[in-house]
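Structural description and commentary
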Amino acid sequence: MSKIAVVYWSGTGNTEEMANAVAQGAREAGAEADVIFAANFKPEDMGQYAAIAFGCPSMGTEQLEDTEFEPVFNACKGKLSGKKIALFGSYGWGDGEWMRTWEADCKDAGAYLACESVICCEAPDDEAKSNCAALGKALA
């Protein structure tokens, strides 16, 4: 059984809801999935997991949340090479530029993106939740 980490930050609950759907999809595919708030995840934890889903909403001018999530993600970036990951998050404005930038950053760090990233505008609807579950299954 593979072990998956779902590491996220959420200010409104939208990305948390997506994180839970990712974990549910991974579990349905037979994986063990831990849902972890970003502040509780450390770079040294990465070795415990076969794959990691990172979730963060778009903030400000289409960027990752910079006080809690981004420092954790940046600390983990050095361990992304060859790691199977997936990305997800919600936004309230813009066109998803933050996700395209984040994907490029992960690829530059040598990560293997297991599937297409999932983004949704505001609260995740049924389609977004289904896409998150599929993301979790792809990681499993």
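Residues numbered from 1 in each chain as written. Predicted model: local features only at pLDDT ≥ 70, side-chain atom pairs only at ≥ 80, totals over all residues. Heavy atoms only, no water.

**A few points about the nonpolar core**
Defined as follows: In this text, buried Ala, Val, Leu, Ile, Met, Phe, Trp, Tyr and Cys residues form a nonpolar core when linked through side-chain atoms within 4.5 Å. Relative accessibility under 20% of the residue-type maximum defines a buried residue, over 50% an exposed one, and the middle range a partly exposed one, all with a 1.4 Å probe and only protein chains included. Secondary structure counts use DSSP, requiring at least four H or I residues in a row for a helix and at least two E residues in a row for a strand, with both numbered from the N terminus. Residue contacts are defined here by distance: any two heavy atoms, one from each residue, within 4.5 Å place the two residues in contact.
Judged by nonpolar contacts, the single largest core of 27 residues is most densely connected at Phe41, Ile52, Phe54, Phe69, Leu80, Ile85 and Trp102. Where this core is concerned, the elements lending two or more residues are strand E1 (3-8), strand E3 (51-55), helix H2 (69-77), strand E4 (84-91) and helix H3 (97-108). Each residue touching Phe69, except ones within four places of it in the same chain, is listed here: Val7, Tyr8, Trp9, Ala38, Phe54, Gly55, Cys56, Leu64 and Trp102. Judged by nonpolar contacts, the second largest core, of 22 residues, contains Met18, Val22, Ala26 and Val118.

**Digging into H2**
Put simply, the rule is: Within this analysis, the arc is defined by the directions that extend from the helix axis to the C-beta atoms.
Among the residues making up H2, those that are buried are Phe69, Val72, Phe73 and Cys76. Across the axial projection of H2, the buried residues extend over an arc of 95°, all falling on one side. At its buried positions, H2 is contacted by E1, E3 and H3.

**Brief notes about the pattern of salt bridges**
Where charged atoms from two side chains of opposite charge approach closely, those side chains can pair. Inclusion rule: The term salt bridge refers to a side-chain nitrogen of Lys or Arg lying within 4 Å of a carboxyl oxygen of Asp or Glu.
All told, the structure shown has five salt bridges when counted by the stated rule. A salt bridge links Lys129 to Glu17; the shortest N-O distance between them is 2.9 Å. One end of the pair, Lys129, is in helix H4 (residues 126-139); the other, Glu17, is in helix H1 (residues 14-28), and 112 residues separate them in sequence. We classify Glu17 as partly exposed; its relative accessible area is 32%. Among the ionic pairs, Lys137 bridges to Glu28, the shortest N-O distance being 3.3 Å. Of this pair, Lys137 sits in helix H4 while Glu28 sits in helix H1, placing them 109 residues apart in sequence.

**Some details on the packing of H2 against H3**
Using the following cut-off: Geometry is summarised by axes, namely lines fitted to C-alpha atoms with helices restricted to the contacting stretch, and by angles between N-to-C directions that run from 0 to 180 degrees. Every angle not falling under 35 degrees, over 145, or within 65 to 115 is termed oblique; those three ranges are roughly parallel, roughly antiparallel and roughly perpendicular. Rotating anticlockwise by less than a right angle from the far helix to the near helix defines a left-handed crossing, while the corresponding clockwise rotation defines a right-handed one. Residues are grouped as follows: nonpolar covers Ala, Val, Leu, Ile, Met, Phe, Trp, Tyr, Cys and Pro; charged covers Asp, Glu, Lys and Arg; every other residue, Gly included, is treated as polar.
At their nearest, the axes of H2 and H3 sit 11 Å apart, and the two run at 25° to each other. By the angle between their directions, the pair H2 and H3 is classed as roughly parallel. In the packing of H2 onto H3, the handedness of the crossing is right-handed. In this structure, H2 uses Phe69, Phe73 and Lys77 to contact H3, whose residues at the interface are Trp102, Asp105 and Cys106. Among the residues forming the contact of H2 with H3, the class breakdown is four nonpolar, no polar and two charged.

**Quick notes on the side chain of Ser117**
What counts is decided by this rule: Here a polar contact is taken to be a pair of N or O atoms separated by no more than 3.5 Å, where protein atoms must pair a possible hydrogen donor with a possible acceptor and residues adjacent in sequence count only if both atoms sit in side chains.
Looking at the secondary structure, you find Ser117 in the loop between strand E5 (112-113) and strand E6 (118-121). One polar contact links Ser117 to Glu103, side chain to side chain, over a distance of 2.6 Å.

None of the figures reported here should be taken as evidence of function without further support.
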